[in-house]
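Architecture at a glance
So you can see what is in the structure, the chains are spelled out below.
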Amino acid sequence: MYFLAAEGGESTHNPIIPIWQEIVVGSVAFAVLCFVLMKFVFPRMEQTFQARVDAIEGGIKRAEAAQAEANQLLEQYRAQLAEARTDAAKIRDDARADAEGIRQDILGKAREESDRIIAAGKEQLAAERATIVRELRAEVGTIAVDLASKIVGESLADEARRKGTVDRFLSNLESTGAR
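Criteria and cut-off values
Residues numbered from 1 in each chain as written. Predicted model: local features only at pLDDT ≥ 70, side-chain atom pairs only at ≥ 80, totals over all residues. Heavy atoms only, no water. pLDDT = per-residue confidence, 0-100. Helix = DSSP H or I, 4+ residues; strand = E, 2+ residues; numbered from the N terminus. Contact = heavy atoms within 4.5 Å. UniProt positions renumbered as here; feature names shortened; annotations may be inferred. Salt bridge = Lys/Arg side-chain N within 4 Å of Asp/Glu carboxyl O.

**Here we look at the confidence of the model for the protein chain**
The predicted structure's coordinates, where accompanied by low pLDDT, should not be read in detail. When the pLDDT values of the protein chain are averaged, the result is 84; 86% of them are 70 or greater. In the model of the protein chain, helix α1 (residues 2–8) stands out as the element of lowest mean pLDDT, 44, in contrast to helix α2 (residues 20–152), which has the highest, 91. Confidence over residues 1–9 falls short of pLDDT 50; this stretch has 0 contacts with residues more than four positions distant or in other chains.

Okay, structure coming up:
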């Protein structure tokens, strides 16, 4: 120290050039620091960054997959809706066709019933007409015999003779009316 103190009054050391011991200690400390950073800190940071990248990319992939699935479901729903509309239109058309068929059946049955009622009415009218004609013949015959009896002055009471005369008279009357 004395030696240093004797020369220490004047410093021969150049301030621009560092002392070699400081350079060695600084280099060793820097090497140790670099070793610790490279061995422990940088791999840890790389794992953290990779985990974040994976999480972001995974989130994007999951979002894309969810979007694709949603689009697929939307297309399925649209297809089902279109199919349901087609089915509904078919059901409506079938119902209209069935209604028209039922309408035609009912109209046909109504026509048949109407024709049957008209035919029955005509038959009933013909039967009533025949009955009325029979009754009128008998009544006209009786009136004609009574009138002829009064005109001729003799009794035409004989039933067989009266009936034959009346029938002949009515037949002549019908043949004259037919001409």
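**Considerations on the UniProt feature "transmembrane region" (unreviewed entry) in the protein chain**
What UniProt calls "transmembrane region" (unreviewed entry) maps, in this numbering, to residues 23–42. Here residues 23–42 is 100% helix and 0% strand, with 26 Å between the C-alpha atoms at its ends.

**Brief notes about the UniProt feature "coiled-coil region" (unreviewed entry) in the protein chain**
Annotation from UniProt places "coiled-coil region" (unreviewed entry) at residues 56–94. Counting secondary structure, residues 56–94 comes out at 100% helix and 0% strand; the distance between its end C-alpha atoms is 56 Å.

**Side note on the pattern of salt bridges**
Following the criterion strictly, the structure yields 5 salt bridges and no others. Across the salt bridge formed by Asp-94 and Lys-90, the nearest N and O atoms sit 3.5 Å from each other. With Asp-94 and Lys-90 both in helix α2 and 4 residues apart, the pair spans about one turn of that helix.

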